[in-house]
Amino acid sequence: MDTLSKTLNHNVKIMKSSVTKHAIYGTLIAVTAIIFATLLSCYFHYGEISLFNLMETQKNNITLWVLDAMPFIFAFWGQYTSSIMAYEASAIIMDQTADLKNLNVALEYKAAHEATHDAITALPNRLLLMDRLEQAIQSALRQKASLAFFILDIDGFKEINDTLGHYSGDRLLKQVVTRLQGTIRKSDTLARVGADEFAILMQVEPSKKNIMHIVRKVQKIFIEPFPLETLAIEVQASIGIAIFPNHGKEMDTIMQRANVALYAAKQDSKKYTIYSKQLDQNSPHRLTMMGELRQAIKNDELILYFQPKVNLHTQKVIGVEALVRWEHPEHGFMTPDEFIPMAERTGLITPLSIWVLNHALAQAEEWHRQNIKLSIAINLSPVTFLDTELPNLIIGMLSLYNIPPNYIILEITESSMINDPSLAMEIMKRLTNSGIKISIDDFGTGYSSLAYLRELPTSEVKIDKSFVTDMLKKDNDAVIVQAIIDLGHNLSLNVVAEGVEDKETAIQLKKLGCDVLQGYYISKPKPNDELLKWLPKKKNARVVKQN
Ligand code: C2E
Ligand code: CA
Ligand code: CA
């Protein structure tokens, strides 16, 4: 407040001195005018100017007295009103400056909040959780305290979203959050770390009894059904728990082990699991290897396989889908289903996606140099796709590799569009504006996106393999395949069927008007050297001579 009034006084002083300067000029001009007027008046009255005549003029002419006083009266009045105005103007400017500063602080706060919080539930997001976990670990180390880290996953959330729509899904999440907030302490952190995943971080005495007490409190919130629309929905959750420092002394390890426990909890009727070493050994998907995956990405231990796609109209191989594999030093060859879901949970998916993008584009560039004109489809997880930096990253990569952008297809799933359709749309537009194509992968399994498929700048839909593989045996699947082909064509989209395993299915797909085939019937995914040996033999794919 003191500095405020000082600044105010200082501003007023500056303005006053400028006003004073102009008042002096004004007074000088006015005095000169009065002298001139007196001289003229004297001359016209007496015919000559002398000191005596001047005094006589002055004495006899009362208006001259009034005139004489004017400059001083106006100078004083001007000075006085200007001072007041200077004061007011300065005060207004300072008020406005303060308002602008407040607005700026509010905007900065809002931006920081949005970057670290989830839009639907307003809870801290994964980023903020990681920061809190790191800080909690540091302070627990100093105080020799323990932490419990819970990961909670709502069972069957996807089905709820599918059947009731994502508006109801969001409402369910909000209700879960409200109930959870009622069970935890103010000092605990509750965060949303995935579509249907929450994390709770708390300082606890790590006895089994204590942990069980918390587990029961959390499980209790799921006893009452959740009201959604006119229904009362029964919801269950699985809980994985890791304790610091018992199960790990680093943030990554704690998060990863809680995930291992969560995975076990999902298979267990109790619906919760506290991490233990055996879980690592039993874990069928070797979930403990995230640290190793980080290294594998750095050390280029991943490999891309390529699965050919055949155009049903021209019978030619037109492109491939890049599918990542991991050659693990101990566990051997691993398919993406064994490590991608975990990479998505732990945030490792972003470096992994960057690795895949770089290697896929480098490979496509090499093929182009050898005059092998194949399009390359690259899978993007929803987490990666919704990273607002992604378009910049990919467009930057385009300038590094010499491939026409229309040879690059990004495969995204419908779930990429559910949480934030307008963001997804913006990202898609930026990518497609650069010439890249977008394909909707696993079409038909996700959310009922038919309404907005029309709005999306996509060029392709891929019918999910679960419908294709059995379409000759299951009438329902055949109906869905036909519907997707018709829908795609109505929207001028290229329709790809994946998971084609036999000739009969291929023929049937050709009859239905499908554009592109992909599946074991044509070829399994292959590494580059095998693909290069295979390609010349398949110049005219044996695919589908219609009977
Ligand atoms: P997707 O995108 O649906 O990929 C197709 C999967 O189906 C591949 O499994 C492929 O090997 C398999 N497949 C191809 N033809 C047939 C067939 O005729 N019959 C059957 N039963 N399966 C067939 P893969 O390579 O194990 O990949 C599994 C999933 O992992 C992919 O599903 C994709 O979602 C994900 N994925 C693979 N590579 C990447 C990647 O680089 N980044 C990301 N984010 N995800 C990836
Ligand atoms: Ca795919
Ligand atoms: Ca797929």
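Quantities reported herein were computed from a predicted structural model and do not represent experimental measurements. (Residues numbered from 1 in each chain as written. Chains lettered and ligands numbered in written order. Predicted model: local features only at pLDDT ≥ 70, side-chain atom pairs only at ≥ 80, totals over all residues. Heavy atoms only, no water.)

*Asks:* Please give an account of helix α5 (residues 157-164) that cites residues and values.
*Replies:* Listed as buried for α5 are F157, I160 and N161. Buried residues of α5, seen end-on, are gathered within an arc of 100 degrees and therefore sit on one face of the element. For α5, the elements touching its buried residues are β1 (147-154), α6 (166-183), β4 (226-228) and β5 (231-233). Backbone geometry just downstream of α5 places G165 in the positive-phi region, at approximately 95 degrees. (Buried < 20%, exposed > 50% of the residue type's maximum accessible area, 1.4 Å probe, protein only. Helix = DSSP H or I, 4+ residues; strand = E, 2+ residues; numbered from the N terminus. Arc of directions from axis to C-beta. Contact = heavy atoms within 4.5 Å.)

*Asks:* Before we move on, can you summarise the domain arrangement of the chain with the specific residues and values?
*Replies:* Assigned domains within the chain: domain 1 (2-116), domain 2 (126-281) and domain 3 (307-538). Taking the mean C-alpha position of each, domain 1 and domain 3 sit 76 Å from one another. (Domains from an automatic or database assignment.)

*Asks:* Residue-level account of the coordination of the calcium ion (ligand 2), with values.
*Replies:* Six octahedral donors around a metal ideally sit at 90 or 180 degrees from one another, while four tetrahedral donors ideally sit at 109.5 degrees. Protein-derived ligands of the calcium ion (ligand 2) are E321 (OE), N379 (OD1), E411 (OE) and D441 (OD), with the metal-ligand distances lying across 2.1 to 2.2 Å. In the primary structure, the donors to the calcium ion (ligand 2) are separated according to the pattern E-x57-N-x31-E-x29-D. Here the calcium ion (ligand 2) and the calcium ion (ligand 3) are spaced 3.8 Å apart, and both take D441 as a donor. Of the two residues, E321 sits in strand β9 (residues 317-328) while D441 sits in strand β13 (residues 437-443), which places them 120 residues apart along the sequence. Here E321 and D441 have matching classes, each one buried. (Donors = N, O, S within 2.8 Å, 3.2 Å for Na, K, Ca; no water.)

*Asks:* Give a detailed account of the pairing of strand β15 (residues 494-497), specifying residues and quantitative values.
*Replies:* Within a regular strand, the side chains alternate between the two sheet faces. As paired elements, strand β14 (residues 460-463) and β15 share four bridges and run parallel to each other. Residue K462 lies in a different strand from β15, and its bridge partner there is V496. Pairing analysis gives two bridges linking β15 to strand β16 (residues 516-517), with the strands arranged parallel. In the sheet register, V496 faces β16, and the bridge partner there is V516. As for the winding sense of the linkage, the β-α-β connection from β15 through helix α20 (residues 503-512) to β16 is right-handed. (Pairing = 2+ DSSP bridges. Right-handed = clockwise from strand over helix to strand, strands pointing away.)

*Asks:* Before we move on, could you go through the pairing of strand β12 (residues 408-413) and cite the residues and values that matter?
*Replies:* Summarising burial for β12: six of the six residues are buried, a large majority. Pairing of β12 with β13 involves five bridges; the strand directions are parallel. Bridge pairing in β13 places I409 opposite K437.

*Asks:* An account of the environment of E501 is requested, with residue identities and associated values reported.
*Replies:* With respect to the helices, strands and loops of the structure, E501 is situated in the loop between β15 and α20. Judged by its relative accessible area of 44%, E501 falls in the partly exposed class. Here the alpha-carbon distance between E501 and Y521, two residues 20 residues apart in the chain, equals 4.4 Å. Once residues within four sequence positions are removed from consideration, E501 is found in contact with T469, Y520 and Y521.

*Asks:* Pulling in residues and values, what's your account of the coordination of the calcium ion (ligand 3)?
*Replies:* Those donors, D441 (OD), D442 (OD), E498 (OE) and E498 (OE), are the protein atoms that reach the calcium ion (ligand 3), and they lie 2.1 to 2.5 Å from it. Mapping the donors of the calcium ion (ligand 3) onto the primary sequence yields the spacing D-D-x55-E.

*Asks:* Outline the packing of helix α14 (residues 390-400) against helix α16 (residues 421-433), listing residues and values.
*Replies:* Here α14 crosses α16 at 10 degrees, and the two axes come no closer than 9 Å. It follows that α14 is roughly parallel to α16 by the angle criterion. Residue-level inspection shows L390, P391, N392, I394 and I395 of α14 in contact with α16, the latter providing I427, R430 and L431. When the residues that make up the contact of α14 with α16 are grouped by side-chain class, the tally is six nonpolar, one polar and one charged. (Axes fitted to C-alpha atoms, helices over the stretch in contact; angles between N-to-C directions. Parallel < 35°, antiparallel > 145°, perpendicular 65-115°, else oblique. Nonpolar A, V, L, I, M, F, W, Y, C, P; charged D, E, K, R; others polar.)

*Asks:* Outline the pattern of salt bridges, supporting the account with residue identities and numerical values.
*Replies:* Counting across every chain of the model gives 14 salt bridges. Put simply, R294 and D252 hold a salt bridge, and the shortest N to O gap is 3.0 Å. Of this pair, R294 sits in helix α10 (residues 290-298) while D252 sits in helix α8 (residues 251-267), and the two are 42 residues apart along the sequence. The partly exposed category is assigned to D252, whose relative accessible area is 35%. Close ionic contact of R369 with E365 constitutes a salt bridge, the shortest N to O distance being 3.8 Å. In this pair, R369 and E365 both sit in helix α12 (residues 349-369), four residues apart, roughly one turn of the helix. Exposure remark for R369: the relative accessible area of 62% places this residue in the exposed category. The network of salt bridges with shared partners includes E321, E411, K462 and E498. (Salt bridge = Lys/Arg side-chain N within 4 Å of Asp/Glu carboxyl O.)

*Asks:* Give me the lowdown on the nonpolar core, citing residues and values where you can.
*Replies:* By size, the foremost hydrophobic cluster in this structure holds 80 residues, and its most contacted members are L293 and L509. Among the elements that make up this core, the one with the highest residue count is α12 (nine residues). With near-sequence residues (within four places) excluded, L509 lies in contact with L312, V468, M471, V481, I485, A497, V500, C514 and L517. Membership of the second largest hydrophobic core comes to 34 residues, among which are I154, F198, F226 and V235. (Core = buried A, V, L, I, M, F, W, Y, C linked by side-chain atoms within 4.5 Å.)

*Asks:* Let's hear about the site of ligand 1: which residues, and what values?
*Replies:* Taken together, 21 residues are adjacent to ligand 1, and Q307, R325, S381, E501 and Y520 come closest. Within the side chain of D441, a nitrogen or oxygen atom sits 3.0 Å from an oxygen atom of ligand 1. Between ligand 1 and E501, the relevant distance is 2.5 Å, taken from a nitrogen atom to a side-chain nitrogen or oxygen of the residue. Here ligand 1 has 790 Å² of accessible area as a free molecule, and 87% of this is covered by the chains. Within the residue set of the shell around ligand 1, elements represented by two or more residues are β9 and β13. Top element by residues in the shell around ligand 1 is β9. It accounts for four residues. Looking at the shell around ligand 1, its residues break down into eight nonpolar, five polar and eight charged. (Near = heavy atom within 4 Å. Polar contact = N/O pair within 3.5 Å; in protein donor to acceptor, adjacent residues only side chain to side chain. Areas by Shrake-Rupley, 256 points an atom, 1.4 Å probe, with all protein chains shown as cover.)

*Asks:* Break down unusual backbone geometry for me, citing the residues and quoting the values.
*Replies:* F244 connects to P245 through a cis peptide bond whose omega is 0 degrees. A positive phi angle is found at N371, which is not glycine, with a value near 60 degrees. Inspection of the secondary structure puts N371 in the loop between α12 and β11 (375-379). By relative accessible area, N371 is classed as exposed at 59%. One non-glycine residue, S492, lies in positive phi territory at about 60 degrees. By the secondary structure assignment, S492 is in the loop between α19 (475-490) and β15.

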